[in-house]
Amino acid sequence: MKKKFILKKELKIFEKQFLFLLKSKILFLKKIKNYFFLKKGKYVRPLLIFLITKMLGKKTISKKTYKLASIIELIHTASIIHDDVIDNSSFRRGFLTINSLWNNKIAVIFGDYIFSKSLNLALNHNYNHYNNLFSNLILKMSEGELYQIDFIKNHKFYEKNYKKIIFNKTALLLSTCCEQSGKLLKKKHTLFFLKKIGILIGLSFQIKDDLLDYNNFNQQNLFLKLNETKITFPFIYSFNKASFKEKKWILNLSKKKKNFFFFYKKLINFILFLGGIEFSIYKMKLFTNKALIQLNNFPNNSANKSLKTLIFFFINRKF
């Protein structure tokens, strides 16, 4: 993403406030926090909030908007910590996960701590309408995780089920960023479009994440990626196109106690052969284009153009 499209000043202020919120006198907690935030995040959700705020005509970011961004980022942070435990992930963005470096128990407690921080922040600043909003958001994200467990356990590999999961786990949070930015500025007539933009960005964002699981594999990270308890969109499309015999082979493969690189390589070839990658790219671009069209309902200012650049960055990123 080009530097001119990044809200450098606003993100610097946000990061300072955000990291201050996570200060603790407990040394062990401080150690985990320092490790987890060693690699700076892209702050996608705060950036989305700030760009929409400016697109709607606000020249400066208010304290309340910074607080909204912090609460959203806290919820997102907690959710990915819990995701790593559920998915049995060993790495995230090239770093060992908390559950891998310490253990699942510590990761779950740390995730709960971050979730509590988000609700505590809303309560301390008397953001009454936020309390129901964020508790409901956490509830829906938790439901998404439960849907996913049932989805995998009972082999409910259908596109509609996948969309339900990623709506709750990814798209709803991005949709909240967009919609709440409009609400803070009392732009009621924009809320429908903002909510829709967030959902579409979320759907394309998650499919891109799925596609990244199939990029630049070597033997080790192929094993790590596909041994995680998650089902990707390329897999779902391919599975539903497969013959009864092929489906049986895949399900038997997933039950094996020992998972070898050879089997995973065959699974990758299976997905490639049935067009899972190509179809996923098509769906990702479809959702992206729909989001870009929705932005035409707003002023064509520099923030709008930056938002479009950000959306293109999402689908072209390498990690």
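Residues numbered from 1 in each chain as written. Predicted model: local features only at pLDDT ≥ 70, side-chain atom pairs only at ≥ 80, totals over all residues. Heavy atoms only, no water.

Colleague: Looking at this model, I keep getting lost on the packing of helix α9 (residues 191–212) against helix α15 (residues 302–316). Mind explaining?
Modeller: Geometrically, a packed helix pair is captured by the angle between its two axes and the distance between the axes. In contact at an axis separation of 8 Å, α9 and α15 are set at 25 degrees when each is read in the N-to-C sense. Taken together, the axis directions place α9 and α15 in an arrangement best described as roughly parallel. In this structure, α9 contributes Ile 201, Ser 204, Phe 205 and Lys 208 to the contact, and α15 contributes Ile 311, Phe 314, Ile 315 and Asn 316. Looking at the contact of α9 with α15, its residues break down into five nonpolar, two polar and one charged. (Axes fitted to C-alpha atoms, helices over the stretch in contact; angles between N-to-C directions. Helix = DSSP H or I, 4+ residues; strand = E, 2+ residues; numbered from the N terminus. Parallel < 35°, antiparallel > 145°, perpendicular 65-115°, else oblique. Contact = heavy atoms within 4.5 Å. Nonpolar A, V, L, I, M, F, W, Y, C, P; charged D, E, K, R; others polar.)

Colleague: Just to check I follow, could you spell out the packing of helix α3 (residues 44–55) against α15 for this structure?
Modeller: Running from N to C, α3 and α15 cross one another at 155 degrees; their axes reach a closest spacing of 8 Å. Judged on the interaxial angle alone, α15 and α3 are roughly antiparallel. Crossing geometry of α3 relative to α15 is assigned as left-handed. Contact with α3, carried on its side by Val 44, Leu 47, Leu 48, Leu 51, Ile 52, Lys 54 and Met 55, involves Ala 303, Asn 304, Ser 306, Leu 307, Leu 310 and Phe 314 of α15 and no other residues of that element. Looking at the contact of α3 with α15 residue by residue, the classes come out as ten nonpolar, two polar and one charged. (Left-handed = near helix turned anticlockwise from the far one by under 90°.)

Colleague: I keep staring at α3 and nothing clicks. Help me out?
Modeller: Residue pairs three or four apart in sequence face the same way in an α-helix, which turns once every 3.6 residues. For α3, with twelve residues, the first-to-last C-alpha span of 16 Å sits near the 16 Å given by 1.5 Å per residue. Here α3 lies mainly inside the structure; twelve of its twelve residues are buried. Within the sequence span of α3, burial applies to Val 44, Arg 45, Pro 46, Leu 47, Leu 48, Ile 49, Phe 50, Leu 51, Ile 52, Thr 53, Lys 54 and Met 55. Packed against the buried residues of α3 are α1 (8–21), α4 (63–86), α8 (159–184), α9 and α15. Taken from the residues just after α3, Gly 57 is the one with a positive phi, measuring 105 degrees. (Expected span 1.5 Å × (residues − 1). Buried < 20%, exposed > 50% of the residue type's maximum accessible area, 1.4 Å probe, protein only.)

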